[in-house]
Every structure is written in structure tokens, then in C-alpha cells.
Amino acid sequence: MAKILVVEDDRSTRELLTETLKSAGFSVGSAEDGVAALERLRTGSYDLMLLDVWMPRMNGLDVLAARAAD
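Described below are features of the structure shown in this document. (Residues numbered from 1 in each chain as written. Predicted model: local features only at pLDDT ≥ 70, side-chain atom pairs only at ≥ 80, totals over all residues. Heavy atoms only, no water.)

**Focus on a nonpolar patch on the surface**
Alright, step 1. On the surface, Val53, Trp54, Leu61 and Leu64 cluster together into a nonpolar patch covering about 460 Å² of accessible area.
Alright, step 2. As for its placement among the helices and strands, Leu64 is situated in helix H3 (residues 60-69). (Patch = residues over 30% accessible without salt bridge, like charges linked within 9 Å, V, L, I, M, F, W, Y side chains within 5 Å. Areas by Shrake-Rupley, 256 points an atom, 1.4 Å probe, with all protein chains shown as cover. Salt bridge = Lys/Arg side-chain N within 4 Å of Asp/Glu carboxyl O. Helix = DSSP H or I, 4+ residues; strand = E, 2+ residues; numbered from the N terminus.)

**A word on the environment of Asp52**
Alright, step 1. Looking at where Asp52 falls in the secondary structure, it is placed in the loop between strand S3 (48-51) and H3.
Alright, step 2. Given a relative accessible area of 17%, Asp52 falls into the buried group.
Alright, step 3. For the pair Asp52 and Glu8, spaced 44 residues apart in sequence, the C-alpha separation works out to 5.2 Å.
Alright, step 4. Asp52 has contacts with Val7, Glu8, Asp9, Asn59 and Gly60, leaving out every residue within four places of it along the chain. (Buried < 20%, exposed > 50% of the residue type's maximum accessible area, 1.4 Å probe, protein only. Contact = heavy atoms within 4.5 Å.)

**As for the packing of helix H2 (residues 34-43) against H3**
Alright, step 1. Interhelical geometry of H2 versus H3 gives an angle of 30 degrees and a closest axis separation of 9 Å. Like other packed secondary-structure pairs, H2 and H3 cross with a definite hand, here right-handed. Across from Gly34, Leu38 and Leu41 in H2, the residues of H3 making contact are Val63, Ala66 and Arg67.
Alright, step 2. Considering only residue class, the contact of H2 with H3 consists of four nonpolar, one polar and one charged. (Axes fitted to C-alpha atoms, helices over the stretch in contact; angles between N-to-C directions. Left-handed = near helix turned anticlockwise from the far one by under 90°. Nonpolar A, V, L, I, M, F, W, Y, C, P; charged D, E, K, R; others polar.)

**Overview of unusual backbone geometry**
Alright, step 1. With a phi close to 65 degrees, Arg57 is a non-glycine residue in the positive phi region.
Alright, step 2. Overall, Arg57 belongs to the exposed group, its relative accessible area being 63%.

Below, the structure is given as C-alpha cells:
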């Protein structure tokens, strides 16, 4: 089963995406911003990340740059 990390600062959107993906059979984790996403990535592995581009503290593009630097 594929594991997906949903990274979205809007709670309603994050919950909708998470529940939709779970009902489709995926294992889903979520994070409210880029900082939380990087922490989730340090403690677990995911096959796919769905990243919001505009988020507080750290946006989606910065998350990608941080992961590329690892």
C-alpha cells in the first residue's frame, strides 16, 4: 500500500484530501506546514507528498529544496 503525505495549511482541505485518499485505499499522513512535513519525513517514509505551495513557516517549494539537499 502506497503511503502519501498531505502537506496543507488549510485544515478543511487537508482533512478532505486525507479522508479521500484513505477511502481510496492509501495510507495517509498529514502535516500543517513545511516544518511539520520535514519532521514527519525524518521519522517515516512516504511514497508521495502532496505539497501546498503557499504555507506559513515553510512553503512547499522550500520543503522540496530541503529534501533535495539531504
